[in-house]
Amino acid sequence: MDARAARGVQVGDHNTQTNYYAGRRAVSWPHLVGVVPPVAVGRLDRPVDAALEAAVTAGGAAAVVCQVLAGLGGVGKTQLAASLAHRWWRKRQVDLLVWVTATSRAAVLTRYAQAAVDVTGVEDPDPGDAAQRLLAWLAATGRRWLLVLDDLTDPADLQGLWPPVTPTGATIVTTRRRDTALLAGRALIDVGVFTPGQAVGYLHSRLGDQPHRLDEAAELAADLGGLPLALAQAAAYIADQDLTCAGYRRRLTRRRLHSLRPQVLPDDQPTAVADTWALSIDLADGATGGVAGLLLRLAALLDPNGIPAGLFATAAVTGYCTTRTGHPIDGDDTRDAVRALHRLSLVTAPPADSTDGLVRVHALLQRVVREHTPAEDEHDLAVAAADAINEVWPAHEPDAGTAQPLRANTIILHQHTGRHLWTTTDAGHLILFRTGNSLGNTGLVAVARDYFHQLHTTATAHLGPDHSDTLATRHNLARWRGEAGDPAGAAAAFEQLLDDYLRVLGPDHSDTLATRQNLAYWRGRAGDPAGAAAASEQLLDDRLRVLGPDHPDTLATRHNLARWRGRAGDPAGAAAAYEQLLDDRLRVLGPDHPDTLATRHNLAYWRGRPDPAGAAAAFEQLLDDYLRVLGPDHSDTLATRSNLARWRGEAGDPAGAAAAFEQLLDDYLRVLGPDHSNTLATRGNLARWRGEAGDPAGAAAAFEQLLDDYLRVLGPDHPDTLATRHNLARWRGRADPAGAAAAFEQLLDDYLRVLSPDHPDILTTRGNLAYWRGRAGDPAGAAAASEQLLDDRLRVLGPDHPDILTTRHNLAYWRGQAGAVGEESAK
């Protein structure tokens, strides 16, 4: 007799059969042990449903390994297993279905014992013996079975109780745990939240009978982070209270999450979303001596999309944990605590040995943790988080993405804890300013301007208008206003700020002097280099008096004075001033200091006006030193490569310049990304030198593409956008002089609208308009325009400026072309 038949197990088809054991009615096939949770109303199949189905049926004649469905509480792990169980039961794909609520070892043993009695007919007084009898039966039977261990709380509870791996059986575990021992030899299926489309689809399935309730459904789905449990309970609450999704969202912003639970939870759910993670948090906290709970509170204040893992090992965090727990906590302790949170699916952490990965936390879990954080702990927690961000922030940001997670975490932290980062004693936390300047330095100049505008409003509310940090926000706002394309506005803002610094801090305070320096700079950028030079000269006198000749700020003022002298039309004077400054910076700072290298950079630039080949040689030597001191990707190194390429072109090698700019563009794209101002400027330089190398049509095409990107990134009125239109018109003019003249005429109108009429860019545009009018066949008009331009340049620049000589030259040429005087080639 077959051994299985001797035990009373009938092997046959899937029709219902009844076995008898020792005179008592036994199991009927197919047989269910336990209660399978109902499938939720409106449940939608997800790709993970198909993945689970494929995994448990993939074995064929081979054994199927246990499938572990792991994920955050509330993502629908139980529903996923229940859906498959109901489907298999309905389709008679299983003879025995055992559903075990595996929240404790006792619960597992009890359900195993019940199943053992049912399928073997033997009642063991010891539940452990009964469990082993069931496992032996599962290993030997030819019947198809499915055993679900739902909500496994502690993998240790299954020691010695794991179902066998057989060709006829399948085991599914749902759990929040990710322990190595749990996953060893088993297949992990990560269960995540709904996609945005799935989340909205679910709300439609639950609320779509009254379409008005779906107002702002997509926004609500995003607010709840696509968490299935939260969406189900929100839908029930909306229906109970006759709300819309928009109405629920308004309540969500004003109330604690716990107050928004429906009176009766849907789908037989045992806990409200606000309570669903409590056990996991307690387990993690207990396993780490309270450290995990502290780290989760800190993480709840930061960016759910990614917190740098190294932040949790900073002195700021370990010090905070040491203070709160009362015993020393180091980086190993906090790493272990993060791993404990990961094992319980409360966070998703990178590998423990990684310092550059990101830790992620669901936003709704963060909200629950914040709502349960005692008010008296909020300040110290916020400061610890801010100090930790500042601690991991690199001194130099090598590329556009380096500090992006830190900026995002700062902004989220400020949203959640704003008032705790502003105190009358400590003022605004440093990371608030660091974040804004990082945005601008990354190329997001308009974003930086808007950030500091909001930060100024916040600082004024917390500290008052005359606090030094409030004034500092105005200083940064003015700077990024200028970088975003409004140099005149920046100058006006610095002028107003200077009045307040003089009133609050006095004329000799370092912040007052710094504001004067920035005011001079933006006056120069706004088109008044002579005024900037005069202001810098006055500032130098005061810095010499207050700080002495060797102070870095005094040397910086000399640097700026030299620059504006050059911009005002005295390149030889600028070169001489930089030469003298270089001697002093070498003496005070040494040859490798960044300020010394910057002085060499500017000296080479201003020497290049009469001697481009010499400038190229100087930049080549300087580049070697920048590579040695700062590395290949530093912004100053890249800027030096740009100037080297330019002066090579000016020295007579336009093809070499174009090739160098092409290589530089690749590096700018890699380091800063496509929309950074330096990347866009390099594209402009590449286009120019391609044109100079003999491809004017290619230059025009490149400037046309570049203009589209400038319009998108900086807008139509930014100086760089207008300059690109200038270059596009110039290169188009090679083939179409009349079209160039028309383009310069339109450009002049926009320049006059944006800038003052005496701005250098307007004067240059008038010169180009005159030139292309002449080239288009109107030399008399060109001569008349050049004559008017000469009068204005004499008034604005004086008789000795280089642009005066150029204008007089062009006037003579066009008069000659019009028949007034002899012929010359237009310069």
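Residues numbered from 1 in each chain as written. Predicted model: local features only at pLDDT ≥ 70, side-chain atom pairs only at ≥ 80, totals over all residues. Heavy atoms only, no water.

Asks: What is the right way to look at the packing of helix 24 (residues 552-567) against helix 26 (residues 594-607) in this model?
Replies: When two helices pack together, their arrangement is given by the angle between the helix axes and the distance between those axes. Between helix 24 and helix 26, the shortest axis-to-axis distance is 11 Å and the interhelical angle comes to 15°. As judged from the angle between their axes, helix 24 and helix 26 are roughly parallel. Handedness of the crossing formed by helix 24 with helix 26: left-handed. Of the residues in helix 26, those touching helix 24 at His559, Arg563, Gly566 and Arg567 are Ala598, Thr599, Asn602, Tyr605 and Trp606. When grouped by side-chain class, the residues that make up the contact of helix 24 with helix 26 number three nonpolar, four polar and two charged. (Axes fitted to C-alpha atoms, helices over the stretch in contact; angles between N-to-C directions. Helix = DSSP H or I, 4+ residues; strand = E, 2+ residues; numbered from the N terminus. Parallel < 35°, antiparallel > 145°, perpendicular 65-115°, else oblique. Left-handed = near helix turned anticlockwise from the far one by under 90°. Contact = heavy atoms within 4.5 Å. Nonpolar A, V, L, I, M, F, W, Y, C, P; charged D, E, K, R; others polar.)

Asks: How should the pairing of strand 5 (residues 96-101) be read in this particular structure?
Replies: Consecutive residues of a regular strand have side chains that alternate between opposite faces of the sheet. Judged by how many residues are buried, strand 5 sits mostly within the fold: five of six residues are covered. Summarising the sheet, strand 3 (residues 31-33) and strand 5 pair through three bridges and their orientation is parallel. Across the sheet, residue Val33 finds its bridge partner in strand 5, namely Val98. Bridge analysis of strand 5 against strand 6 (residues 145-152) gives six bridges, and the strand direction is parallel. Looking across to strand 6, one finds that Thr101 is bridged to Asp150. (Buried < 20%, exposed > 50% of the residue type's maximum accessible area, 1.4 Å probe, protein only. Pairing = 2+ DSSP bridges.)

Asks: What is the right way to read unusual backbone geometry from this model?
Replies: One can expect most non-glycine residues to show negative phi and most peptide bonds to be in trans. Here Trp29 and Pro30 are connected by a cis peptide whose omega angle stands at -5°. With respect to the secondary-structure elements, Pro30 resides in the loop between strand 2 (24-29) and strand 3.

Asks: Even after reading the chapter, I still don't get the packing of aromatic side chains, so can you show me in this structure?
Replies: Aromatic ring pairs are defined here through the distance separating the ring centres and the angle between the ring planes. Applying the stated rule across the entire model yields eleven aromatic pairs. For the pair Tyr605 and Trp647, a centre-to-centre distance of 5.8 Å together with 75° between the ring planes defines the contact as edge-to-face. Placement of Tyr605 in helix 26 and of Trp647 in helix 28 (residues 635-650) is noted, with a sequence separation of 42 residues between them. For the pair Tyr771 and Trp772, a centre-to-centre distance of 4.9 Å together with 85° between the ring planes defines the contact as edge-to-face. Classification of Tyr771 by relative accessible area gives partly exposed; the value is 24%. Trp772 gets classed as buried once you look at its relative accessible area, which sits at 3%. Counting every residue linked through ring pairs, the aromatic cluster contains Tyr771, Trp772, Tyr813 and Trp814. One residue, Arg563, lies across the ring of Trp564, its end atom 4.7 Å from the ring centre. (Phe/Tyr/Trp six-rings, centres within 6.5 Å; stacked < 30°, edge-to-face > 60°. Lys NZ or Arg CZ within 6 Å of the ring centre and 35° of its normal.)

Asks: Please clarify how the nonpolar core should be interpreted in this entry.
Replies: In summary, soluble globular proteins display a tendency toward joint burial of nonpolar side chains. Membership of the largest hydrophobic core comes to 124 residues, with the highest contact counts inside it found for Leu146, Ile172, Leu203, Trp277, Leu295, Leu298 and Leu413. It is helix 9 (residues 228-241) that provides the largest number of residues to this core, a total of eight residues. Ignoring any residue separated from it by four or fewer positions in sequence, one finds Leu203 in contact with Gly208, Leu214, Ala217, Leu220, Ala221, Leu231, Ala235 and Cys245. Leu96, Ala130, Leu138 and Leu161 belong to the second largest nonpolar core, which has 30 residues in total. (Core = buried A, V, L, I, M, F, W, Y, C linked by side-chain atoms within 4.5 Å.)

Asks: Explain the pattern of salt bridges here, please?
Replies: Note that side chains of opposite charge can pair when their charged atoms are close. Scanning the model with the defined rule gives 55 salt bridges in all. The partner of Arg43 in a salt bridge is Asp49, and the shortest N-O contact between them spans 2.9 Å. In terms of burial, Arg43 and Asp49 fall into one category: buried. The residue Arg503 makes a salt bridge to Asp466 at a minimum N-O spacing of 3.0 Å. Placement of the pair is Arg503 in helix 21 (residues 487-504) and Asp466 in the loop between helix 19 (445-463) and helix 20 (468-483), with a sequence separation of 37 residues. With relative accessibility at 34%, the residue Asp466 sits in the partly exposed group. Each member of the salt-bridge network shares a partner with another, and the members are Arg646, Glu650, Arg688, Glu692 and Arg730. (Salt bridge = Lys/Arg side-chain N within 4 Å of Asp/Glu carboxyl O.)

Asks: Help me out: how do you make sense of the sheet that holds strand 4 (residues 67-70) in this one?
Replies: Two orientations exist for strands paired in a sheet by backbone hydrogen bonds: parallel and antiparallel. With parallel pairing, the six strands of this open sheet are ordered in space as 3-5-6-7-4-8. Both outer strands of the open sheet, strand 3 and strand 8 (187-190), are each paired with one neighbouring strand and no more. Shown here is a sheet whose adjacent strand axes are inclined to one another by a mean of 15°, direction ignored. The sheet strands contacting helix 4 (residues 105-120) are strand 3, strand 5 and strand 6, and the helix crosses strand 5 at an angle near 160°.

Asks: I'm lost on helix 12 (residues 291-299) in this one. Help?
Replies: Working note: α-helix, 3.6 residues per turn, so residues spaced by three or four point in the same direction. Counted residue by residue, helix 12 has eight buried out of nine residues, so it is predominantly covered. Among the residues making up helix 12, those that are buried are Val291, Ala292, Gly293, Leu294, Leu295, Leu296, Leu298 and Ala299. For helix 12, the secondary structure elements touched by its buried residues are helix 11 (278-287), strand 9 (307-308), helix 13 (315-325), helix 14 (331-343), helix 15 (363-371) and helix 16 (378-392).

Asks: Explain the pairing of strand 4 to me, please; I cannot follow it from the model alone.
Replies: Judged by which residues are buried, strand 4 turns out to be covered on both faces: Gln67 and Leu69 on one side and Val68 and Ala70 on the other are all buried. Examined bridge by bridge, strand 4 and strand 7 (residues 169-175) share four bridges and lie parallel to one another. Its bridge partner lying in strand 7, Leu69 is registered against Thr174. In the sheet, strand 4 pairs with strand 8 via four bridges, with the strands oriented parallel. Counterpart to Leu69 in the pairing with strand 8 is Ile189.

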